[in-house]
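Observations on the model geometry
Chain residues, written in single-letter form:
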Amino acid sequence: GPPRRMTRGVMRGPLALVLVAALLSAAASGLSSPLRRRPQTGGLSQRRGLSSSRSINSELNLNPPSAANIMRVYGERPGEFDDVNLSTAWNRMGKSFGTMSASERRAFFGRHQDSLLQLLQETNPVVSRLLPRNLAGVAYGLARIGFRQANPTMDQIARVATKRLHEFKPQELSNIVWAFAKSGIDAPELFAGVGREAEPRLAEFKPQEIANTAWAFARAGAMDARFFASAAKYATTQLHLFKSQEIVNLAWAFATLRIRAPDLFEQIEVEATARLAEFNPQELGNLAWAFAKAEQKAPRLFEAIAFEAAPRLHEFKTQELSNTAWAFATVNAKEGFCTALFEAIAAEAVPRMSHFKTQELANTAWAFATAGVEAPALFDALAAEAVQQLDLFREQEVANTVWAYATACVAAPDLFSAVQREFCRRPDAFNTQELTMVAWAIVKRVTPAEGVFATICKSACTRAHEFSPQGMANLAWAFASAGEPSAKELIAAFEQQLVGKGVARADAVLSTFKAQEVANLIWACATSGAHARTLFEAVARVMPPRVVDFEPQDVANTAWAYTVTEQIRPALATALAAKALDFSAEVFGQEACCQMHQFNMALQLDCPLLADPPGVRLPTPPPLPAGPRLPAVFAQECYWEMVKQRPDGSSQLHRDVSETVRRLGVTHTNELCVAVAGYHCDIAIGPDPASTRETPSVHTPDSEVITAELAPRSAALAALGSTIIEVNGPWHYYGGTRTAKPASVTKVRHLRRLGWHVLELPWWEWETLKTFRDKEAYLLAALGRLAATAPPAAPSAPTPVVLLARAA
């Protein structure tokens, strides 16, 4: 039944005797009686303190929270804040900061700096005795405020909390790691402890607590495989309980840490696709970003996001526009709805371009270039804005932006000029990948500004050990393509890094290169005139078995590089020739066919070949037992592609030399395509020594026979045999030098080995000749010296391939 009330009156009987005895015993031992109240003053103080604490908390908890009001209360009640008040003050102040602008925050710190420090000094001594809820509340507030002077306090909170995590409820665990992730303060032991504590208790967590905890771990870069595996398994079956923001935060966390969770993402795709109308713009953008970052194919989801986002783009902030474009470009979505979305993003972004932050500008440019979407208005507006903000760009943002314009083939001269100036201002701040991207983009779109590549070379040479295989290959390619004299210095640094520390290490390092990277690197060596013999020998030793992985361009670049540097090795050449059997000439394309033709000529004319390097790795079985030789039909196709690569016409310099030869009484042919080699020669005098009925010289539409009206000026000219004059303009030489490019050197070498005299006439010598008499005297002397020498002997073996007759 209900409890009975005690009646008033005097207690009688045994109970009274027992109580009296107890009182007497307590008095004898000097202890206060349990029934006696504490002195009235102490009890009143406690009651007043409790009343004061509650009163303070009531003032602190006004809605909406106001940081200024909190500091007012703190100033008016000095020394009265207890543990709960301190926690409430920091927590509510943090919530208030979430609604303040940056300028309002700066003003607040300016007015209350001293009071904040005093409040912090009062907080530090009580941290060790705060309840879990209050510990998490203080941490939350300090994190939201961003008060850097509180970092030691946060460290103390981490130490205290780590020892008491078993006391924390799920929300408190979630809140405290969220606070440390938000503040950016490293607390590995705290995160490890929370992971261990949370993993077996996930069934107690609400969806928001799971999502926020996962978000915090990802934001802090704290990997906990067991926690995330359990979170994925639990969330997969409970996603219908998650709100849109919680779904997005969970997906973002797994994507950021690159944790594979296909079942979870598949379920997120199903759940989110059905509920996209609930997602706000930020959530739509972040969801797309997460799936793209996690490399999850989700075509239905992306199509749904595109249709949901397009009519709502005016609600998107600039970051959300940028993230959405980045995500769709990353997943390589090419469907029509994606193009429509990109066009809508461009239309929305252009008038708001001045509001884009530097990362948003860079990511947007990258996205549109990667997606291959033409958006001239967007690229123009973005370039103009980027020039204004370029000094604020991080190095990766500079690299991504200039890469995007080069990839999209968009002319932006002001942007490229600004990028080159900015790069030269801080070259060593760019990492090797960023440095390579900048160099590549400059070469693709503009003529490099003076000193830019010298700056790149200086920075790269000191950091050669930091370059990846792709970075080495791409940067060397950029220098070679630009015709930069400093390319030799750069390649020497790379060669030392790759093969300068012994054969075993060289072989191991080169084995990490992809086929295209090897081909591009040695192509760059050959193109820049850097013979890099140690590197070429190492490649010839390691690569023959790997040629099976080459694409046509890799085959052509490698074959051409070894040809023009006269370093062909039998094993590698045989592997390259065999690989050519896998492709048709059409697959190679004209330029690559011309490279293969020069390679075929070298196999026949540059004999004997160099010996294979010691320890060469041979394919099994040998691809061509008979040795290196291009198949006859493929060789013919390559030859005719070489013939078709005729010049557009004779230059003024060429015509001037031809006229002088005519005045000397020498009949000649301009633009003759010589037999077998397929080389187009500027001026040919006399018969083609390699021409036969089966393999004649080829007169192209540009060929012209110039008949001399007078007899040869001298007996030497009259006796002149088969002679070619190569009129070498500036494009035959490396920029700013008098060193001929390897293609010209190889052409002259092959012509001589086919039995031709060759006179190389450099443009700078001809420019010094001011009158016809000077020019005639120059040629008369040069040709006379050639006539006095014996003609080169053509090689006796191997026999050149017999070419089938075909119209050019």
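Below you will find a few notes about this structure. Owing to the predicted nature of the structure, the values given are computational and were not obtained by experimental measurement.

Focus on the overall build of the chain
Each helix and strand in the chain was counted, giving 38 helices and 5 strands. Looking at the chain as a whole, 52% of its 808 residues qualify as buried. Relative to all contacts within the chain whose residues are 6 or more apart in sequence, the contacts with residues 24 or more apart total 77%.

Looking at helix 36 (residues 742-753)
Across its 12 residues, helix 36 extends 16 Å between first and last C-alpha, which sits within 8% of the 16 Å expected from 1.5 Å per residue. Where helix 36 is concerned, the buried positions are Pro742, Ser744, Thr746, Lys747, Val748, Arg749, His750 and Leu751. Residues of helix 36 that are buried in the fold lie against helix 27 (515-528), helix 29 (552-564), helix 32 (590-605), strand 2 (680-685), strand 4 (723-728) and strand 5 (757-762). With its phi angle positive at about 105°, Gly755 sits one or two positions after the end of helix 36.

So, the side chain of Gln296
Within the secondary structure layout, Gln296 lies in the loop between helix 14 (281-293) and helix 15 (299-309). Residues in contact with Gln296, not counting those within four places in the same chain, are Arg260, Pro262, Phe265, Phe291 and Phe302.

A closer look at the nonpolar core
The biggest cluster of nonpolar side chains holds 222 residues, and the ones touching the most others in it are Met93, Phe180, Leu287 and Met596. The contact partners of Met93, leaving out residues within four places of it in the chain, are Ala67, Ile70, Met71, Phe108, Leu116, Leu119 and Ile145.

Quick notes on the pattern of salt bridges
A complete count under the given rule lists 33 salt bridges for this structure. Taking the shortest distance from any N to any O, the salt bridge between Arg201 and Glu204 comes out at 3.4 Å. The buried category is assigned to Arg201, whose relative accessible area is 15%. Ionic pairing is found between Glu566 and Arg749, a salt bridge with its closest N-O pair at 3.5 Å. Placement of the pair is Glu566 in the loop between helix 29 and helix 30 (570-580) and Arg749 in helix 36, with a sequence separation of 183 residues. Look at Glu566 and you get partly exposed, because its relative accessible area is 42%.

A closer look at helix 18 (residues 358-371)
When the terminal C-alpha atoms of helix 18 are compared, their 20 Å separation across 14 residues agrees well with the 20 Å that a helix rising 1.5 Å per residue should span. Within helix 18, 11 of the 14 residues are buried, which leaves the element mostly enclosed by the surrounding structure.

Thoughts on unusual backbone geometry
Excluding glycine, residues mostly have negative phi values, and the peptide bonds linking residues are mostly trans. Of note, the bond from Asn63 into Pro64 is cis; its omega dihedral lies within 30 degrees of zero at -5°. Positive phi, close to 40°, is recorded for Ala532, a residue that is not glycine. Assignment of secondary structure puts Ala532 in the loop between helix 27 and helix 28 (533-542). Note on Ala532: relative accessible area 9%, which makes it buried. For Val676, which is not a glycine, the phi torsion comes out positive at approximately 65°.

Looking at the sheet that holds strand 1 (residues 668-673)
Here we have 5 strands laid out as an open sheet, ordered 3-1-2-4-5, and mixed in their pairing. Two strands lie at the open edges of the sheet, namely strand 3 (698-706) and strand 5, each paired on one side alone. Within this sheet the neighbouring strands show an average axis-to-axis angle of 25°, counted without direction. Looking at chain direction, strand 1 and strand 2 are connected through 4 bridges and run antiparallel. The residue bridging Thr669 from the neighbouring strand is Ala684, located in strand 2. Its contacts with the sheet put helix 36 on strand 2, strand 4 and strand 5, and the angle it makes with strand 5 is roughly 155°.

Some thoughts on the state of the cysteines
Applying the stated rule across the entire model yields 0 disulfides. Here Cys673 is not disulfide-linked; the sulfur of Cys681 is the nearest cysteine sulfur, at 7.7 Å. Judged by relative accessible area, which is 0%, Cys673 ranks as buried.

About the thresholds
Residues numbered from 1 in each chain as written. Predicted model: local features only at pLDDT ≥ 70, side-chain atom pairs only at ≥ 80, totals over all residues. Heavy atoms only, no water. Helix = DSSP H or I, 4+ residues; strand = E, 2+ residues; numbered from the N terminus. Buried < 20%, exposed > 50% of the residue type's maximum accessible area, 1.4 Å probe, protein only. Contact = heavy atoms within 4.5 Å. Expected span 1.5 Å × (residues − 1). Core = buried A, V, L, I, M, F, W, Y, C linked by side-chain atoms within 4.5 Å. Salt bridge = Lys/Arg side-chain N within 4 Å of Asp/Glu carboxyl O. Pairing = 2+ DSSP bridges. Axes fitted to C-alpha atoms, helices over the stretch in contact; angles between N-to-C directions. Disulfide = S-S within 2.5 Å.

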